[in-house]
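Observations on the model geometry
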There are 2 protein chains.
Amino acid sequence: MSVTAARGFRAAGVAAGLKARGGRDVALVVCDRPATAAAVLTSNRVQAAPVAVTRAAVADGCLRGVVVNSGGANACTGAAGLADAWEMAAVAAHEIGCAREDIAVASTGLIGVRLPLGLVRAGIREAAGRLATDGGRDAAMAIMTTDTVRKESTRAVLVDGATVTVGGMAKGAGMLAPALATMISVLTTDAEVSAEDLGVALRAAVSTTFDRVDSDGCTSTNDTVVLLASGCSGRRVRRGGAEWPVFTGALREVCADLAEQLVDDAEGATKRVAVRVTGAVDDTVALTAARAVARSALVKCAVHGEDPNWGRVLAAMGAATSRFDPDLVDVRFNRAPVCRGGVAAGDLTRARAALGGRQVEIGIDLHQGRGAATVLTTDLTASYVHENSAYSS
Amino acid sequence: MSVTAARGFRAAGVAAGLKARGGRDVALVVCDRPATAAAVLTSNRVQAAPVAVTRAAVADGCLRGVVVNSGGANACTGAAGLADAWEMAAVAAHEIGCAREDIAVASTGLIGVRLPLGLVRAGIREAAGRLATDGGRDAAMAIMTTDTVRKESTRAVLVDGATVTVGGMAKGAGMLAPALATMISVLTTDAEVSAEDLGVALRAAVSTTFDRVDSDGCTSTNDTVVLLASGCSGRRVRRGGAEWPVFTGALREVCADLAEQLVDDAEGATKRVAVRVTGAVDDTVALTAARAVARSALVKCAVHGEDPNWGRVLAAMGAATSRFDPDLVDVRFNRAPVCRGGVAAGDLTRARAALGGRQVEIGIDLHQGRGAATVLTTDLTASYVHENSAYSS
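So, here's what we can say about the structure.

Considerations on the nonpolar core
- In this structure, B:Val275, B:Val293, B:Val331, B:Ile362 and B:Ile364 are the most contacted members of the largest nonpolar core, which totals 43 residues.
- By residue number, the principal contributor to this core is helix α7 (residues 283-295) of chain B, which donates 7 residues.
- Excluding residues that lie within four positions of it along the chain, B:Val331 makes contacts with B:Trp310, B:Val313, B:Leu314, B:Ala336, B:Pro337, B:Val338, B:Cys339, B:Ile362 and B:Gly363.
- In this structure, A:Val273, A:Ala286, A:Ala316 and A:Val360 belong to the second largest nonpolar core, which totals 42 residues.

This is the structure we're talking about:
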């Protein structure tokens, strides 16, 4: 259900022939009435054509739908690619009966290749004909690339005695890094929220969820998170109101759930790793240190080998920031101490055993203040190398 | 010969029992008379004990020798580790007959473990007894860790009709990143150079050679480059003099040669990759862009798979800097064009074939100015993952 869990939304996912391996590859999510909307888009200087279209479409805070394709990123395709992305919006708009500026567009797949627009057009038309209130599952499948499972999440909360729902779908797998992963997520809610408030809520939710995912340090050209609010629950939510924390809490939970699903299904990963830095002089230092550890190829290899090699953790932090004292640092792997005050501590056999499971927390206390941050990453595996050595050929 | 090619130097390398796999693991390089000296040390906030000793020893611009061990980094070992490093200097100084402040120390191996000082002491004494003018080869073998071959280089130039020699040895293999790799290099010359001029020459040489190597983005706690000048050639070299470019050219060539040897023997690598950015608005932007491409796990996997995936090159640059226009970028793999003006160009079959050899140049022209930079890296392979998943266990 996910993206169609909230009232007022229909969706579909169809096979248009874009993916070499077959399967659904065009998704359409539509709101039955004009929705307020917000988006968070990639910070990469190189931005795909659909990102430009979505930025323009969401500028007025209003959308009717989102069209997404897998099987091609439509990035680095020049003016022709931009026209293709607008054409996707126009075809969807024609089917739904709205302006093309009311449609957001997202694409994912190989960079640098034009989309087969004839196939895309036919796919969008077919999807429009299949829109259904239980179409969320098909849509979630259609946005997958190297994902092995679809990612969906839903939360329902009570606002003034009525149920308000937040739902969403996402795709990830590779090129996952801060300031958004190679990820596309479409989120919906039936709360009534102004576009301005929706933007505030979305940016806050993304900043501590999707933005804290880092599978391989590679920020995509196509990262897109779009949130639409139908208002169909009949319940208004506004900043400063009593219902605001309830709504934003549900939105954050959905984003956090989807972000964890992205990490769990990252290319080649066998472990989900949470790097948790506490005791930093401020949150910025904590985040810098956590990201450096999460991005270290050597730390990720050690975790893969279940090797409690805490020296690599300290080396990774020290290369990224000077705002900590190495002689104060404690490190734990899944709570098993391995380093205290910057030198070896604890029992390495116990620490090695603690790394045996699928979930690993690297806990780092800098003992210098109250700054804290967590970044999610994965282990680095031979499978990651295999998958990404053969991706486009 | 390498580190003993220049007149006035003797060296030795012995097996002290520090390496689990056996082999030479303690090296000693000694100048027959007080040498002027300079060093470039890791920029990591976490610095190993021997780095602190070397910094103190070289502060007065004078050294008599360098002692190096593999089989243990003596990093993150606290006050006890610092005392161990000073003890290494003291033992070597006692054998040679100088003050411990005249000995530089470098260590490489696992972080966080104390050195077995009894073995180290005995090794230094044995090495002192074996010092020889043809001991450079043994010394170069003793500093190897996961290196598969020893790295040596020598250049001889004429200064006022006399031969001046610059020689050196290095070790690398893993944790290779800008601001020095996990690398140790000892360089010697028989030119007579003031300590101040030696520092200027060394920093300049390192900045465009060792500092432009990036195998895995991981900067070590132990990076050390030391240069000693014996003056035994009888030829003085000074900044501003006619002989300065000759001497600094030879020094840079030795550093560049050793840096290339480090990349060629990097853990798991099957290809040497030169990322060459030209046409940037300035050299800093060129270097930022080149480093970002050299560090991209996805680019390195693509090179490994001989996949001309130029989209990953653009995405890596765009995530690192906004100071270029994606619509102006040209990309070539070993001169085969794959992207022109930000969109696909050339023949992918030809580009794929161009990636078939061991040496790959990724040429990127930003068409915005005269800034240029080159960074050396490797492909990312399953072997790298295997080697670094099992390193300390």
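Quick word on the sheet that holds strand β12 (residues 343-344) of chain B
Residue and element names in this part refer to chain B.
- Taken together, 6 strands build an open sheet; the order of strands is β12-β11-β10-β13-β9-β14 and the sheet is mixed. Edge strands, defined here as strands with exactly one partner in the open sheet, are β12 and β14 (371-378).
- In the sheet, strand β9 (residues 272-280) pairs with strand β13 (residues 359-365) via 7 bridges, with the strands oriented parallel. Directly across from Ala274, in β13, lies its bridge partner Glu361.
- Packing against the sheet, helix α6 (residues 244-264) makes contact with β9 and β14, and its axis sits at approximately 45° to β14.
- Contacting β9, β13 and β14, α7 crosses the sheet at an angle of about 20° to β14.

A word on the environment of B:Val225
- One can find B:Val225 in strand β8 (residues 224-229).
- For B:Val225, a relative accessible area of 0% translates into the label buried.

Examining the environment of A:Thr154
Residue and element names in this part refer to chain A.
- Looking at the secondary structure, you find Thr154 in strand β5 (residues 151-159).
- The class of Thr154 is partly exposed, set by a relative accessible area of 37%.
- Distance from Thr154 to Ala5, taken between C-alpha atoms, is 7.0 Å for residues 149 residues apart in sequence.

Re unusual backbone geometry
- Located in the positive-phi region is A:Asn74, a residue other than glycine, with phi close to 50°.
- Within the secondary structure, A:Asn74 sits in the loop between β3 (62-69) and α2 (78-96).

Conventions and cut-offs
- Residues numbered from 1 in each chain as written.
- Chains lettered and ligands numbered in written order.
- Predicted model: local features only at pLDDT ≥ 70, side-chain atom pairs only at ≥ 80, totals over all residues.
- Heavy atoms only, no water.
- Core = buried A, V, L, I, M, F, W, Y, C linked by side-chain atoms within 4.5 Å.
- Buried < 20%, exposed > 50% of the residue type's maximum accessible area, 1.4 Å probe, protein only.
- Helix = DSSP H or I, 4+ residues; strand = E, 2+ residues; numbered from the N terminus.
- Contact = heavy atoms within 4.5 Å.
- Pairing = 2+ DSSP bridges.
- Axes fitted to C-alpha atoms, helices over the stretch in contact; angles between N-to-C directions.

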